[in-house]
Amino acid sequence: MKIFVCIKQVPDTNEVKLDPKTGTLIRDGVPSIINHDDRNALEEALRLKDRYKDVEITVITMGPPQADVALREALAMGADRAVLISDRAFAGADTWATSNTLTAAIRKLGHYDIIFCGRQAIDGDTAQVGPQVAEKLDLPQITYVKHLEIQEDMVLAHRALEDGYEALSVKMPCLLTAIKELNVPRYPGVKGVFEAYREKTVELMSAKDLDIDPDIIGLNGSPTNVKRTFTPAPKGKGMLLDGCSKETVKDLFSRLKDKNII
Amino acid sequence: MGVRILKEKCIGCKLCLKSCPFNAIEIKEGKAVLNDSCTGCGACETSCKFKAIEVDKIEKKARDLSGYKGVWVFAEQRNGKLMSTALELLGEGRKLADRLGVELSALLLGYQVDSLCNELIHYGADQVVYAEHPQLKLYTTDGYTKAVVELVNEKKPEIILIGATNIGRDLGPRIAARLDTGLTADCTKLEIDDEQKILLQTRPAFGGNIMATIITPKHRPQMATVRPGVMKKLVPDMWRSGRIEKVEVNLSEADLRVRVMEIVKSAKQAVNLVDAEIIVSGGRGLGGPEGFEMLSQLAAELGGVVGSSRAAVDSGWISHDHQVGQTGKTVRPKIYIACGISGAIQHLAGMQTSECIIAVNKNPEAPIFDVADYGIVGDLHKVVPMMVEEIKALKAEE
């Protein structure tokens, strides 16, 4: 069985701090990590490899050259092959253009049974690229996967809903997107890290390698454009009530009452 | 491509550094230079007082946009009941349609759900486009995508709004990809640009640290998803009338590649944070799972529900369905009481539009106080029980 796992290197937004004076974000020193849900996708692929014979895992990412680090980490965790799709021409892509690029690369990489993505990336939170790759490859999709089984050529999955789940089945090939509830990702071992850097290679693909129409990639190929960005205006400081006493609490509730809030 | 910095004009003043959402501008040898993170978005252009930044604006191949007219809302229903988010979107869609001077249509897919049509009209729709088919009884990606795309191609709406539920987020990107148009996720504000008559889609980016206004200038329809709880429903008008158009869709079992074997409701009553009017939330400052028992008491006295920050969920003190924030639920209750929550941006993104925010925290510098209407600096383990007592006293008075 051949599994492709699409991952994204993201800034760890939980580590972002705001400058208390200007209200803008301090980006210096924010570490880059493999996106959380993508790590769950990779882990599930690795578990299938642990369970069954002849599973080959290829990790794919589109990103700047420094995304090599994320791929090395995936190799260290146990992936067999890593592909970095990198070109200035891809920069600034929205989800539509990104999925075009990934789709073109996947077609070049040949046969697959499962394409695994994370549900969404913590820097964009769109959850769009997975389904859009599925559409362009004309594959059935199951998103929000929180439980997975394989039976012969079928995938049986639980897809999380807000108040429960759907039990779904689909014939391979298919595309799945993983959520946190699916598993607990492993850490790479020392041996794995050593191999990832010394013995394994990261294959590079540029726009030229993909034979892709320049009108459907990158910023200029994107249907959506950023018109402007701005820092949200702070709401304005409220009232700080002094002291931590019964009177303070009484004061608070009488104010709420006066304003008909309670 | 994209952005160029003109070395001869740049004086190295660093003004542009802050304007970049991607940290892609560095100063090297006294001049600004772009690094690999540059996406060519052009946000820096206006920050330069010396006209040293040039942004190429490549004209896209124009598509024929004429003939696209009207605002559509995807009226998501499950088990014959409309999702609250569909009604919220009708409220927002009404404003957009009025601004454009066009009709607002609700797109309803299902089987034997005719009774929902009037409800959609009461909440603001001029028209309901109702596709009824046995294969649409349950949501499937394949069935719903095929039906929606067929209808869009036939009727050509200029705007489609979809609720960002687990189903909306499965369907929206698939439709947008098949229609080859843009989709902006999780918008928190939608407006019409009066001059160009296009949709301005504003959403948080970079974990809620900055806001970005997105446009879809050359493709139609313009598609956006909005999270549940972000927009406001209209007060339903039972006298409002509208048209109901039943439409045919071509679907067969063979179209549905994914089979739904079972839909399982979680046994535990799901916490309904999104519809709650009062939320009492706790964070790391609670010190442990016991802290939430105290908050439940306060919530019970107020008739509210218990929320949580990500930190408390990650610590295993409370389940994920209580989580408010960027990766949890977006809420806008009447009263939000944040206890022992410092106010990480990811949390603020999910609650800062609450009507009244009350924060209790030991640390007077905690960012939560920046968004709070009322703040009490102190130990929540003392303040919360005092609040419970005070409410009991107030109730006794009445």
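Residues numbered from 1 in each chain as written. Chains lettered and ligands numbered in written order. Predicted model: local features only at pLDDT ≥ 70, side-chain atom pairs only at ≥ 80, totals over all residues.

Enquirer: I tried to follow the overall build of chain B on my own but got confused; where do I start?
Expert: Helix and strand counts for chain B come out as ten helices and 22 strands. Principal-axis analysis of the C-alpha atoms gives chain B an extent of 70 × 65 × 40 Å. A burial count over chain B gives 52% of its 398 residues as buried. Here the analysis covers contacts within chain B between residues at least 6 apart in sequence; of these, 65% occur between residues at least 24 apart. (Helix = DSSP H or I, 4+ residues; strand = E, 2+ residues; numbered from the N terminus. Buried ≥ 20, exposed ≤ 12 C-beta atoms within 10 Å, placed from the backbone. Contact = placed C-beta atoms within 7 Å.)

Enquirer: Help me out: how do you make sense of the domain arrangement of chain B in this one?
Expert: Interfaces are often described in size by the accessible area the parts lose on coming together. On domain assignment, one finds that chain B holds domain 1 (3-55), domain 2 (71-255) and domain 3 (278-397). Taking only C-alpha atoms into account, the centre of domain 1 of chain B sits 42 Å from that of domain 3 of chain B. (Domains from an automatic or database assignment.)

Enquirer: Honestly, the nonpolar core in this entry has me stumped. Any pointers?
Expert: Among soluble globular proteins, nonpolar side chains are generally buried collectively. Core analysis: the biggest nonpolar cluster contains 146 residues, and A:Val5, A:Ala74 and B:Leu107 have the highest contact counts within it. Inspection of this core shows a minimum of three residues originating in each of domain 1 (3-55) and domain 2 (71-255) of chain B. Residues in contact with B:Leu107, not counting those within four places in the same chain, are B:Trp72, B:Val73, B:Phe74, B:Ala75, B:Val129, B:Val148 and B:Leu151. A:Val249, B:Val271, B:Phe292 and B:Tyr374 belong to the second largest nonpolar core, which has 51 residues in total. (Core = buried A, V, L, I, M, F, W, Y, C linked by C-beta atoms within 7 Å.)

Enquirer: Explain unusual backbone geometry to me, please; I cannot follow it from the model alone.
Expert: A negative phi angle is the norm for most residues apart from glycine, just as the trans form is the norm for most peptide bonds. A cis amide bond links A:Met172 to the next residue, A:Pro173, at an omega of 5°. Position of A:Pro173 relative to the elements: it lies in the loop between strand E11 (164-171) and strand E12 (174-178). Residue B:Arg220 is joined to B:Pro221 through a cis peptide bond whose omega torsion reads -10°. Within the secondary structure, B:Pro221 sits in the loop between strand E14 (210-215) and strand E15 (222-226). Even without glycine at this site, A:Tyr144 takes up a positive phi of about 55°. In this fold, A:Tyr144 is placed in strand E9 (residues 141-151). By the C-beta count within 10 Å, which is 25 here, A:Tyr144 ends up buried. The backbone of A:Glu152 sits at a positive phi, close to 50°, despite the residue not being glycine.

Enquirer: Quick question: what am I supposed to make of the interface of chain B and chain A here?
Expert: Tallying the contact residues gives 82 residues for chain B and 70 residues for chain A. Within the side of chain B that touches chain A, the residues separate by chemical class into 40 nonpolar, 22 polar and 20 charged. The pairing of strand E14 (residues 225-230) of chain A with E14(B) spans five bridges and is antiparallel. Along E14(B), the bridge assignment pairs A:Arg228 with B:Thr213. (Nonpolar A, V, L, I, M, F, W, Y, C, P; charged D, E, K, R; others polar. Pairing = 2+ DSSP bridges.)

Enquirer: Sorry if this is basic, but what is going on with the pairing of strand E13 (residues 198-205) of chain B here?
Expert: On any regular strand, side chains alternate: one points to one face of the sheet, the next to the other face. Residues and elements named next belong to chain B. Taken across its eight residues, E13 has six buried, putting it largely inside the fold. Summarising the sheet, strand E12 (residues 189-193) and E13 pair through five bridges and their orientation is antiparallel. Bridging across to E13, glutamate 191 finds its partner in leucine 200. Hairpin remark: E12 followed by E13, antiparallel, with four residues in the connecting loop; positive phi at lysine 197, about 60°.

Enquirer: Even after reading the chapter, I still don't get the environment of B:Arg220, so can you show me in this structure?
Expert: Residue and element names in this part refer to chain B. Positionally, arginine 220 belongs in the loop between E14 and E15. In this structure arginine 220 comes out as buried when scored by C-beta crowding, with 24 C-beta atoms within 10 Å. Measuring from C-alpha to C-alpha, the distance between arginine 220 and arginine 63 comes to 8.7 Å, with 157 residues separating the pair along the chain. Once you skip the residues sitting within four places of it in the chain, arginine 220 turns out to touch Leu65, Tyr68, Glu158 and Thr181.

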